[in-house]
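Here's the letter readout for the chains.
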Amino acid sequence: MTRIMGLDVGDKTIGVALSDPMFLMAHPLETIKRKKTSTDIEYLVKLIEANEVETIVVGLPKNMNNTIGPQSMKVMSFVDLLKKKTDKEIVYEDERMTTLQSERVLIDMDVRRENRKEHIDKIAATFILQTYLDRRKNG
């Protein structure tokens, strides 16, 4: 049963989400604490293989005016390195506002401010992946 993986790549963490086997729902998987890029990619490749991922959806943090900024460039550089280690299809998904949406979900769930940090990135990855799944389903 193949799945689609969503990634929210940040400077300190990488949020990871997975689709269900029918590609309908995105579910948070984990937040990876960044160590070294090569180590991070090695770990992601293991997750990709273990979960039979066919496509990887990476959030691209565009500016509000739809331009590519420094953070987008960092994400694209990371993806270029990931592409050298996996032959899976990798697509970008606009991730503007996902952190704000994730924060709102955690507040609504009464998660204490000091505990939100450990969840926010995997929830953002879930929003990124769910946006992709919905658009894919609706053509």
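Because the structure is a prediction, the values reported are computed rather than measured. (Residues numbered from 1 in each chain as written. Predicted model: local features only at pLDDT ≥ 70, side-chain atom pairs only at ≥ 80, totals over all residues. Heavy atoms only, no water.)

Engineer: Tell me about the packing of aromatic side chains, and name the residues and values.
Structural biologist: In this description, a pair of aromatic rings is defined by centroid distance and the angle of the planes. Tallied over the full model, the rule gives zero aromatic pairs. If you follow Arg136 out to its NZ or CZ, it ends over the ring of Phe23, 4.7 Å from the centre. (Phe/Tyr/Trp six-rings, centres within 6.5 Å; stacked < 30°, edge-to-face > 60°. Lys NZ or Arg CZ within 6 Å of the ring centre and 35° of its normal.)

Engineer: Please give an account of the layout of surface pockets that cites residues and values.
Structural biologist: Considering only enclosed or pocket space, the largest pocket measures out at about 190 Å³ in volume. Lining of the largest pocket is provided by Lys12, Thr13, Lys33, Lys117, Ile120 and Asp121. Looking at the lining of the largest pocket, the element that brings in the most residues is helix α4 (residues 113–137), giving three residues. Looking at the lining of the largest pocket, its residues break down into one nonpolar, one polar and four charged. (1 Å grid on protein atoms, 1.4 Å probe; cavity = no way out; pocket = protein on both sides within 12 Å on 5 of 7 lines; lining within 4 Å. Points joined across faces, edges and corners; volume = space filled by probe spheres on them. Helix = DSSP H or I, 4+ residues; strand = E, 2+ residues; numbered from the N terminus. Nonpolar A, V, L, I, M, F, W, Y, C, P; charged D, E, K, R; others polar.)

Engineer: Please provide a residue-by-residue account of the pattern of salt bridges, values included.
Structural biologist: A complete count under the given rule lists four salt bridges for this structure. With a closest N to O distance of 3.3 Å, Lys74 and Asp11 form a salt bridge. On the criterion of sequence distance, the pair formed by Lys74 in helix α2 (residues 70–83) and Asp11 in the loop between β1 (3–9) and β2 (13–19) is long-range, its members being 63 residues apart. Taking the relative accessible area as the measure of exposure, Asp11 reaches 47% and is therefore partly exposed. (Salt bridge = Lys/Arg side-chain N within 4 Å of Asp/Glu carboxyl O. Buried < 20%, exposed > 50% of the residue type's maximum accessible area, 1.4 Å probe, protein only.)

Engineer: Kindly report on the pairing of β2, identifying the contributing residues and their values.
Structural biologist: Within β2, seven of the seven residues are buried, which leaves the element mostly enclosed by the surrounding structure. Burial along β2 is two-sided: Thr13, Gly15, Ala17 and Ser19 and Ile14, Val16 and Leu18, pointing in opposite directions, are all buried. With five bridges joining them, β1 and β2 adopt antiparallel strand pairing. When the sheet's bridge partners are listed, Met5 is paired in β2 with Leu18. (Pairing = 2+ DSSP bridges.)

Engineer: Just give me the short version of α2, but keep the residues and values in it.
Structural biologist: Compared with the 20 Å implied by 1.5 Å per residue over 14 residues, the 20 Å span of α2 between its first and last C-alpha is a close match. Burial in α2 covers these residues: Ser72, Val75, Phe78, Val79 and Leu82. The arc that holds the buried residues of α2, viewed along the axis, is 125°, so those residues lie on one side. Along its buried surface, α2 packs onto β1, β2, α1 (37–50), β4 (53–60) and β5 (89–94). (Expected span 1.5 Å × (residues − 1). Arc of directions from axis to C-beta. Contact = heavy atoms within 4.5 Å.)

Engineer: Break down the pairing of β5 for me, with residues and values.
Structural biologist: A regular strand places its side chains so that they alternate between the two faces of the sheet. Relative to β5, β4 is paired through six bridges, and the arrangement is parallel. Along β5, the bridge assignment pairs Gly59 with Glu93. Assessed by its sense of winding, the connection that carries the chain from β4 through α2 to β5 is right-handed. (Right-handed = clockwise from strand over helix to strand, strands pointing away.)

Engineer: Run through unusual backbone geometry, naming residues and quoting values.
Structural biologist: The backbone phi angle of Phe23 is positive, close to 60°, even though this residue is not glycine. Topologically, Phe23 is positioned in the loop between β2 and β3 (26–33). Look at Phe23 and you get buried, because its relative accessible area is 16%.

So yeah, pure geometry; function would need other evidence.
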